[in-house]
Amino acid sequence: MYVLENGSYLRKSGGNLALFRDGRVEEEIDLEHLEQLILVGYTSISGAVLRMLIRSRVETVLLNPRGGFEGRLSVDEHKHVGRRKAQYLRLSDPGFALETARSIVGGKLRGQARFLALRGKQLGVDSLLARAATIRAMERSALDPAVDLDIVRGIEGQGTRVYYEGFPRLVRNPAFTFKGRNRRPPLDPVNALLSFVYTLLTSEVLTAIKIVGLDPYLGALHLEDYGRPSLACDLVEEWRVFLADRFVLALINRSVLSPDDFVYRKIEDTDFVDEEDLKGKRPVEMKPATSRALLKSYEKWMEQRVKPPDGDQRLTYRGLILEQVRRFERYLLGELKAYQPFPWSQVG
């Protein structure tokens, strides 16, 4: 159950919860069948509701207005122990980790190839079609049972390089150019936008992982590293092209943004100690007003709804991410034989 509207609040109503908006009861929520309550943005609950949620052991999650994770009402973690135990055991199995990484990389390459092929046909650019075919061949290689995890990682890197080699042909606004993917720090506006939106998207996946109750720091494709949410880095791969790249390209190609929306600096020393040091050494970054406008557009983008192939209801992009993380959880628990990245090709 999501409570989304700013100003909404929940009160006790007998054995149920009453959802108020503008001083009126909008909905009665049956507490007996409520397993999870997600409060988004400037929503609130009464003290009586808080005690009911605790007594009924309802998992309650607080998200900020942008959907970022802020906290969880910690009754106890009895549900999460089983999930995390399964995650630690299964992802510590080299064979299981390899199959998981193979599936993640296969989904990423499939998405890249499909996007390049679609744009290649729409724009009449043969080089995009050729790169799509190359990436499809790499996908087949990644799915070969004979390859090990290091090779799978290498194929993922090669496929990504081929994809970004085609990216300049996707930028149709002559005011912008893209001469290759660069980051930490990004060297041009297109790369700055990509890095910014990738960060937002990874935060979305991280939030979904925390909501579900998995450990975001143990994945399969990305190695363990201090402070790196490896599982979030794994599960964001299937969303990059269709949620991040399409969004950035739409802003550029529809001239929503211009080069004047960015600040440029001549940086000679590009070494940095930490993120704080990096802030002052970025060759290019969005102006504050541009960042605010982009976040507003991003929120609208993430609230778009599509009907998943195996569902009856239309879900927001944010809802799709949460459902996919739940699917990954079922895979870890052994309820699904394989993890399938989201099938964008089956969305109408």
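Predicted model, so just to flag it, every value in this text is computed and none were measured.

(A) Highlighting helix H6 (residues 189-212). Over its 24 residues, H6 extends 35 Å from the first C-alpha to the last, a length consistent with the 34 Å expected when each residue adds 1.5 Å. Of all 24 residues making up H6, 19 are buried, and the element is well covered by its neighbours. Following H6 by one or two positions, Gly213 has its phi on the positive side, about 105°.

(B) Expanded view of the packing of helix H4 (residues 126-142) against helix H5 (residues 149-166). It is at 10 Å that the axes of H4 and H5 come closest, and there the two elements cross at 175°. Classified by the interaxial angle, the pair formed by H4 and H5 is roughly antiparallel. Facing Leu128, Arg131, Thr134, Ile135, Met138, Ser141 and Ala142 of H4, the residues of H5 in contact are Val152, Ile155, Gln158, Gly159, Val162, Tyr163, Glu165 and Gly166.

(C) Representation of the pattern of salt bridges. Across all of its chains, the model carries 15 salt bridges by this definition. Put simply, Glu99 and Arg102 hold a salt bridge, and the shortest N to O gap is 2.4 Å. Highlighted residues: Glu99 and Arg102, both in helix H3 (residues 94-123), separated by 3 residues, approximately one helical turn. You can call Glu99 partly exposed: its relative accessible area is 42%. Looking at Arg102, the relative accessible area reads 4%, which means it is buried. Measuring nitrogen to oxygen at the nearest pair gives 2.7 Å for the salt bridge that ties Asp310 to Arg327. Of this pair, Asp310 sits in the loop between strand E11 (305-306) and strand E12 (315-316) while Arg327 is found in helix H11 (residues 317-332), placing the two residues 17 residues apart along the sequence. The class for Arg327 is partly exposed, based on a relative accessible area of 22%. Among the ionic contacts, a cluster of salt bridges with common partners joins Lys108, Glu156, Glu237 and Arg240.

(D) Highlighting the side chain of Thr100. Along the chain, Thr100 turns up in helix H3. For Thr100, a relative accessible area of 1% puts it in the buried group. Engagement of the side chain of Thr100 in a polar contact is seen with the side chain of Tyr331, the distance being 2.7 Å.

(E) Local environment of the sheet that holds strand E2 (residues 9-13). With respect to topology, 4 strands assemble into an open sheet ordered E4-E3-E2-E6, the strand pairing being mixed. Looking along the sheet, the strands with just one partner apiece sit at the ends: strand E4 (24-29) and strand E6 (44-45). Pairing of E2 with strand E3 (residues 16-21) involves 5 bridges; the strand directions are antiparallel. In the sheet register, Arg11 faces E3, and the bridge partner there is Ala18. Most of the contacts of helix H1 (residues 47-55) go to E2, to which it runs at about 75°, and overall it touches E2, E3 and E6.

(F) Structural context of the nonpolar core. Ranked by internal contacts, the top residues of the largest apolar core, which has 85 residues, are Phe167, Leu201, Leu235, Trp239, Leu243 and Trp344. It is H6 that provides the largest number of residues to this core, a total of 13 residues. Here Leu243 is in contact with Leu201, Trp301, Met302, Tyr317, Ile321 and Trp344, once residues within four sequence places are set aside. The next biggest cluster of nonpolar side chains, apart from the first, holds 13 residues, and it includes Leu17, Ile29, Leu34 and Val49.

About the criteria used
Here the residue index of a chain counts from 1 through its sequence in written order. In view of the model being predicted, local features appear only for residues whose pLDDT reaches at least 70, and side-chain atom pairs are presented and counted only at 80 or more, with totals across whole chains, interfaces and linings using the full set of residues. With hydrogens and water stripped out, all remaining heavy atoms of the structure feed into the side-chain values. What counts as a helix is a DSSP run of H or I of at least four residues, what counts as a strand is a run of E of at least two, and both are numbered from the N terminus. Between the first and last residue of a helix there are one fewer steps than residues, each counted as 1.5 Å, and that sum is the expected span. For each residue, the accessible area found with a 1.4 Å probe, counting protein chains only, is set against the maximum for its type, and the residue is called buried under 20%, exposed over 50%, and partly exposed in between. Interaxial angles span 0 to 180 degrees and are taken between N-to-C directions of axes, which are lines fitted to C-alpha atoms, for helices over the stretch in contact. Any angle between 65 and 115 degrees counts as roughly perpendicular, while under 35 counts as roughly parallel, over 145 as roughly antiparallel, and the rest as oblique. Residues are treated as being in contact if the distance between any of their heavy atoms lies within 4.5 Å. Between Lys or Arg on one side and Asp or Glu on the other, a salt bridge is scored when a side-chain nitrogen of the former is within 4 Å of a carboxyl oxygen of the latter. Side-chain atoms alone can form a polar contact between residues adjacent in sequence; in general such a contact is a pair of N or O atoms within 3.5 Å, and within protein one must be able to donate a hydrogen while the other accepts it. Note on pairing: two strands pair once DSSP finds at least 2 bridges between them. Here, nonpolar core means buried Ala, Val, Leu, Ile, Met, Phe, Trp, Tyr and Cys residues that are tied together by side-chain atoms lying within 4.5 Å of each other.

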